[in-house]
Amino acid sequence: MNVEAVFLNVLYFAAVIYTLAFVLYGIRAIKGPTIADIILAVDCLSFDMAAFMVVLGIYFKSIMLASGAIILTLWAFMLDIYYTKYVLYGEVEV
């Protein structure tokens, strides 16, 4: 078995694991009892989506997916900052 075949098998396994995680995060985002659970699920979903985009970028040998993953990660980080400001201060000011 060569290295490329092993690498492709690992990528396929990662795709299955990420898909399962996306489904579980989606269920938590829809059924979350509190707003904190929903924000946490969307946050985890966006960070995992960015990591999955990097994995797909490696598979397709495309740098554009990696740059999209960086933008998605920054968006998720801003979501965390705004939610934290809302919880601490009760309002979000820019």
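Being a predicted model, the structure only gives us computed values, none of them experimental.

K.L.:
Mind showing me how you'd approach the overall build of the protein chain here?
P.N.:
Counting its secondary structure elements, the protein chain contains 3 helices and 0 strands. The N-to-C order of helical and strand elements in the protein chain reads α-α-α. Over its C-alpha trace the protein chain gives a radius of gyration of 16 Å, far above what one expects of a compact globule, namely 12 Å for 94 residues. Each of the 94 residues in the protein chain was classed as buried or not, and the buried ones make up 20%.

K.L.:
Help me understand helix 1 (residues 3-31), please; the structure alone is not making it clear to me.
P.N.:
An α-helix turns once per 3.6 residues; consequently, residues spaced three or four apart project the same way. Compared with the 42 Å implied by 1.5 Å per residue over 29 residues, the 42 Å span of helix 1 between its first and last C-alpha is a close match. Leu-11, Ala-14, Tyr-18, Ala-21 and Phe-22 are the residues of helix 1 that are buried. The elements touched by buried residues of helix 1 are helix 2 (35-60).

K.L.:
How do you make sense of helix 2 when you look at a structure like this?
P.N.:
Its 26 residues place the ends of helix 2 37 Å apart at the C-alpha level, agreeing with the 38 Å of an ideal helix rising 1.5 Å per residue. Burial in helix 2 covers these residues: Ile-39, Ala-41, Asp-43, Ser-46, Asp-48, Ala-50, Phe-52, Met-53, Val-55 and Gly-57. Looking at the packing, one finds that the buried side of helix 2 touches helix 1 and helix 3 (64-89). Directly beyond the C-terminal end of helix 2, a positive phi value near 55° is found at Lys-61.

K.L.:
What is the right way to read the environment of Tyr-25 from this model?
P.N.:
Summarising the element assignment, Tyr-25 is placed in helix 1. Distance from Tyr-25 to Ile-38, taken between C-alpha atoms, is 9.0 Å for residues 13 residues apart in sequence. Once you skip the residues sitting within four places of it in the chain, Tyr-25 turns out to touch Ala-41, Cys-44, Leu-45 and Asp-48.

K.L.:
How should the packing of aromatic side chains be read in this particular structure?
P.N.:
Each aromatic ring pair is characterised by the separation of its centres together with the angle its planes make. In this structure the tally under the stated criterion is 5 aromatic pairs. Relative to Tyr-59, the ring of Tyr-12 lies with its centre 6.4 Å away and its plane at 55°, an arrangement referred to as tilted. Here Tyr-59 lies in helix 2 and Tyr-12 lies in helix 1, a separation of 47 residues in the sequence. Residue Tyr-59 is classed as partly exposed on the basis of its relative accessible area, which comes to 34%. Both rings, one in Phe-22 and one in Phe-52, keep their centres 5.7 Å apart while their planes meet at 80°; by these two values the pair is edge-to-face.

K.L.:
Looking at this structure, how should I read a nonpolar patch on the surface?
P.N.:
On the surface, a nonpolar cluster with roughly 620 Å² of combined accessible area is contributed by Phe-77, Met-78, Ile-81, Tyr-82, Tyr-86, Val-87 and Val-92. Its location among the elements puts Met-78 in helix 3. By relative accessible area, Met-78 is classed as partly exposed at 36%.

K.L.:
Explanation requested: the nonpolar core in the structure shown.
P.N.:
The tendency in soluble globular proteins is for nonpolar side chains to be buried side by side. Listed in full, the 6 residues of the largest apolar core are Leu-11, Ala-14, Tyr-18, Phe-22, Phe-52 and Val-55. When residues in this core are grouped by element, the largest group, 4 residues, is from helix 1. The contacts of Leu-11, once residues within four sequence positions are left out, are Val-55 and Tyr-59.

What counts and what doesn't
Every residue gets a number counted from 1 within its own chain, in the order that chain's sequence is written. Two thresholds apply to this predicted model, a pLDDT of at least 70 for residue-level local features and 80 or more for giving and counting side-chain atom pairs, whereas whole-chain, interface and lining totals are computed over all residues. Derived side-chain values reflect all non-hydrogen atoms in the structure, with water molecules and hydrogen atoms excluded from consideration. Each helix is a run of H or I in the DSSP string that is no shorter than four residues. Each strand is a run of E no shorter than two, and both are numbered from the N terminus. In this treatment the radius of gyration is a C-alpha quantity, and the globule benchmark scales as 2.2 Å times the residue count to the 0.38 power. Throughout this description, buried means an accessible area under 20% of the type-specific maximum (1.4 Å probe, protein chains only), exposed means over 50%, and partly exposed covers the range between. The length a helix should cover is 1.5 Å for every residue beyond the first. Residue contacts follow a heavy-atom distance rule, with two residues in contact if any of their heavy atoms lie within 4.5 Å. What counts as a ring pair is set by centres within 6.5 Å for rings of Phe, Tyr and Trp (its six-membered ring), and what kind of pair is set by the plane angle: stacked under 30 degrees, edge-to-face over 60, tilted for all other angles. For patch detection, residues must exceed 30% relative accessible area and be free of salt bridges, and they are connected within 9 Å for like charges or within 5 Å for nonpolar side chains (Val, Leu, Ile, Met, Phe, Trp, Tyr). We get accessible surface area from the Shrake-Rupley algorithm with a probe of 1.4 Å; when it comes to residues, only the shown protein chains can shield them. By convention in these notes, a salt bridge is any Lys or Arg side-chain nitrogen within 4 Å of a carboxyl oxygen on Asp or Glu. Here the nonpolar core consists of buried residues drawn from Ala, Val, Leu, Ile, Met, Phe, Trp, Tyr and Cys, with membership extended through side-chain atoms lying within 4.5 Å.

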